[in-house]
Protein chains: 2
Amino acid sequence: MNPEIEIQHKSDAWDMSDLHPGLRWQFSVNAGITHSNGLSCGYLQLDPGAELPLHFHKEQEIYMITRGHAELLTGATTSRAVATGDTIYIPENSWHGIKNISQSVVEFIWIFPTDTWQEVRYIFANDRLNQAQDQSDQ
Amino acid sequence: MNPEIEIQHKSDAWDMSDLHPGLRWQFSVNAGITHSNGLSCGYLQLDPGAELPLHFHKEQEIYMITRGHAELLTGATTSRAVATGDTIYIPENSWHGIKNISQSVVEFIWIFPTDTWQEVRYIFANDRLNQAQDQSDQ
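Residues numbered from 1 in each chain as written. Chains lettered and ligands numbered in written order. Predicted model: local features only at pLDDT ≥ 70, side-chain atom pairs only at ≥ 80, totals over all residues. Heavy atoms only, no water.

If you had to explain unusual backbone geometry to someone new, which residues and values would you point to?
We note that A:Asn93 has phi near 60°; this positive angle belongs to a residue other than glycine. The residue A:Asn93 is located in the loop between β9 (87–90) and β10 (96–99) in this model. (Helix = DSSP H or I, 4+ residues; strand = E, 2+ residues; numbered from the N terminus.)

Summarise the packing of aromatic side chains; cite the residues concerned and give the values.
Residues and elements named next belong to chain A. Counted by the stated rule, this structure contains 14 aromatic pairs over all chains. Ring plane angle 40° and centroid distance 5.9 Å describe the contact between Trp25 and Trp117, whose orientation is recorded as tilted. Of this pair, Trp25 sits in strand β3 (residues 23–29) while Trp117 sits in the loop between β11 (106–112) and β12 (123–124), placing them 92 residues apart in sequence. In this structure an aromatic cluster arises from ring pairing among Trp25, Phe27, Trp110, Trp117, Tyr122 and Phe124. Cation over ring: Lys10 sits above Tyr43, and NZ or CZ is 4.3 Å from the ring centre. (Phe/Tyr/Trp six-rings, centres within 6.5 Å; stacked < 30°, edge-to-face > 60°. Lys NZ or Arg CZ within 6 Å of the ring centre and 35° of its normal.)

Account for the side chain of B:Asn30, with residues named and values stated.
All names here are of chain B. If you trace the backbone, Asn30 turns up in the loop between β3 (23–29) and β4 (40–46). Within the structure, Asn30 has its side chain in polar contact with the backbone nitrogen of Trp117 (distance 2.8 Å). Excluding residues that lie within four positions of it along the chain, Asn30 makes contacts with Ser36, Ser40, Asp115, Thr116, Trp117 and Gln118. (Polar contact = N/O pair within 3.5 Å; in protein donor to acceptor, adjacent residues only side chain to side chain. Contact = heavy atoms within 4.5 Å.)

Account for the pattern of salt bridges, with residues named and values stated.
Residues and elements named next belong to chain A. Scanning the entire structure with this criterion turns up six salt bridges over all chains. Residue Glu107 pairs with Lys10 through a salt bridge whose shortest N-O separation is 2.9 Å. Taken together, the residues Glu107 in strand β11 and Lys10 in the loop between β1 (6–8) and β2 (15–16) connect sequence positions 97 residues apart. Here Glu107 falls in the buried class, since its relative accessible area comes to 5%. (Salt bridge = Lys/Arg side-chain N within 4 Å of Asp/Glu carboxyl O. Buried < 20%, exposed > 50% of the residue type's maximum accessible area, 1.4 Å probe, protein only.)

Give a detailed account of the sheet that holds strand β10 (residues 96–99) of chain B, specifying residues and quantitative values.
Residue and element names in this part refer to chain B. Across the sheet, five strands lie side by side as β8-β7-β10-β5-β12; this open sheet has antiparallel pairing. Every interior strand has two partners, whereas the edge strands, β8 (79–83) and β12 (123–124), have only one. Sheet analysis places strand β5 (residues 51–56) next to β12, joined by two bridges and oriented antiparallel. The partner of Phe56 across the bridge, within β12, is Ile123. (Pairing = 2+ DSSP bridges.)

A description of the sheet that holds β2(A) should follow, citing residues and the corresponding values.
Ordered by their spatial adjacency, seven strands build an open sheet running β2(A)-β3(A)-β4(A)-β11(A)-β6(A)-β9(A)-β1(B), and the pairing between neighbours is antiparallel. In this open sheet, the two edge strands, each paired with only one partner strand, are β2 of chain A together with β1 (6–8) of chain B.

So, the interface of chain A and chain B: which residues are in play, and what are the values?
Contact residues are listed per partner, giving 41 residues for chain A and 41 residues for chain B. Between chain A and chain B, roughly 3,300 Å² of surface is buried when both sides are summed, and carbon and sulfur atoms account for 66% of that area. Of all residues in chain A, A:Ile5, A:Leu39 and A:Tyr89 bury the most surface against chain B, accounting for 23% of the area lost on that side. Inspection of the region where chain A meets chain B yields zero salt bridges. Our count for the contact surface shared by chain A and chain B stands at 14 residue pairs in polar contact (both at pLDDT 80 or more). (Buried area = accessible area lost by both parts, 1.4 Å probe.)

Summarise the relation of the copies chain A and chain B; cite the residues concerned and give the values.
When chain A is fitted to chain B, the best match, at an RMSD of 0.0 Å, comes from turning it 180° and sliding it 0.0 Å along the axis. Expressed as a symmetry operation, the mapping of one chain copy onto the other fits a two-fold axis. (Least-squares fit on C-alpha atoms with pLDDT ≥ 70 in both.)

Before we move on, can you summarise the pairing of strand β6 (residues 61–67) of chain B with the specific residues and values?
All names here are of chain B. With five of seven residues buried, β6 lies mostly within the body of the structure. One ladder, built from four bridges, connects β6 with strand β9 (residues 87–90); its direction is antiparallel. Considered in β9, the bridge of Ile62 is made with Tyr89. Inspection of the sheet shows β6 paired to strand β11 (residues 106–112) by five bridges, in the antiparallel sense. Of the residues in β11, the one forming a bridge with Arg67 is Glu107.

Lay out the pairing of β3(A) in plain terms, naming residues and giving numbers.
Residue and element names in this part refer to chain A. The element β3 is extensively covered by neighbouring structure, given that seven of its seven residues are classed as buried. The pairing of β2 with β3 spans two bridges and is antiparallel. Each residue of the ladder has a partner; that of Asp15, found in β3, is Trp25. Once β2 ends, the chain turns through six residues before running back antiparallel as β3, passing Gly22 with a positive phi of about 80°. Sheet analysis places β3 next to strand β4 (residues 40–46), joined by six bridges and oriented antiparallel. Of the residues in β4, the one forming a bridge with Phe27 is Gly42.

Shown next, in the form of structure tokens:
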């Protein structure tokens, strides 16, 4: 039997990590929650001052900003302003991150060409985060 | 040289078609406009009363509702209510469509596992639309 159309509601139940204070996320399409066949996506929110630090992964990714305005980190000392309605295409193995330098919540959608977010291996510029991630994976 | 991060702003310049009054769209990631490597997406808006009629295509697709509430068509006589924040996973070859039965604009993001929207072949339940599409392709 073919999979059926599935509707996932955005909820008030967000996932969080001590490694990234003020950052929360939820899955929208992700194998294990919904069907997925090489497409996964979800919502991420950043409180004022919070950031998803500079990192890369071998997969390409798309961000679509749905709320607020932020600083897109593109290198150790470079950034670009982004705001609601902006779509960001991030090629494979490209440094990127995002920081909320505003006074309001920032929200965006991430899209990966994978079945799951979990299979994407994040490599952070700050090696302390990589080490903490390795430990939390165990 | 690797492609670079690209930012596409949502604009007031929407594409339209006489075949679908009250429906407009714009591309966010689509080969020819941005880099794309098997991921494409964009925004679609429906005025009150407008619809993207029932259709299918061989590709899976994701809709993410960013504004308003609508009726997701799932068959000739079946539908489901969807609203802002809802993510809809549409498997390959599944009938679907969307109708704005509200008094406000509906907006959603579409996501395809393709380089472009143009390569997706829409098969409409209403054959008149297929014939018109064939003519406009020529």
